[in-house]
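Architecture and fold: a report
Single-letter residue listing:
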Amino acid sequence: MPVYNGEEHLAEAIDSILAQTFSTFEFIIIDDASTDRTPCILRQYAEKDSRIRIITNEMNKKIAVSLNSGIAEARSPLVARMDADDWSAPERLEKQFTFMQAKPEVGICG
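Every residue gets a number counted from 1 within its own chain, in the order that chain's sequence is written. Confidence filtering applies because this is a predicted model: local features only for residues at pLDDT of at least 70, side-chain atom pairs given and counted only at 80 or more, and all residues used for totals across whole chains, interfaces and linings. The basis for every side-chain value is the complete set of heavy atoms in the structure, and neither hydrogens nor water enter the calculation.

1. Comments concerning helix α4 (residues 92-102)
The cut-offs for exposure are 20% and 50% of the maximum accessible area for each residue type, with area from a 1.4 Å probe on protein chains only; residues under the lower value are buried, those over the upper are exposed, and the others partly exposed. Only runs of H or I of at least four residues qualify as helices and only runs of E of at least two qualify as strands under DSSP, and these elements are numbered from the N terminus. Within the span of α4, buried status applies to R92, L93, Q96 and M100. Projection of α4 onto a plane perpendicular to its axis shows the buried side chains occupying an angular sector of 85 degrees, all on one side. The exposed set on the far side of α4, more than 90 degrees from its buried face, consists of K95 and A102. Only heavy atoms enter the contact rule, under which two residues are in contact if any of them lie within 4.5 Å. Where α4 is buried, its residues contact α1 (10-18). Each direction from the helix axis to a C-beta atom contributes to the arc, which is the arc of those directions.

Structure (structure tokens):
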């Protein structure tokens, strides 16, 4: 999940992922050199949940570069994409994982 100055909706977005029924995941969040309270919010969450990995860009690199750096860091062959102002339903990851496992010929789902 890339984020740049996302303090307004960040907690809601993170909470929606941490509340997933599918709980075996790593949550990579790329802070794209935020200048608001985003870094503080991210640190607080990362201290409470070991699934969260924060990557911090020293300078704003924009969304495409940030997404690619997150994908490069991913330890799983499956990656779920989310923005910092999104909210995910509790069964989102479980449904997507189950679908992708059952349909290995599919490369992407949403």
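2. Side note on the packing of aromatic side chains
Centres within 6.5 Å make a pair out of two Phe, Tyr or Trp rings, where for Trp the six-membered ring is used; the pair is then stacked when the planes are under 30 degrees apart, edge-to-face when over 60, and tilted otherwise. One pass over the full model with this rule turns up one aromatic pair. In this analysis the charged atom, NZ for Lys or CZ for Arg, is taken to sit over a ring once it is within 6 Å of the ring centre and within 35 degrees of the ring normal. Over the aromatic face of Y45 sits the side chain of K48, whose NZ or CZ is 5.2 Å from the ring centroid.

3. Section: the side chain of Q96
Mapping Q96 onto the fold places it in helix α4. On the basis of relative accessibility, which here comes to 18%, the residue Q96 falls in the buried class. In this structure Q96 touches C109 and G110, once residues within four positions along its chain are discounted.

Function cannot be read off these values alone, since they describe shape.
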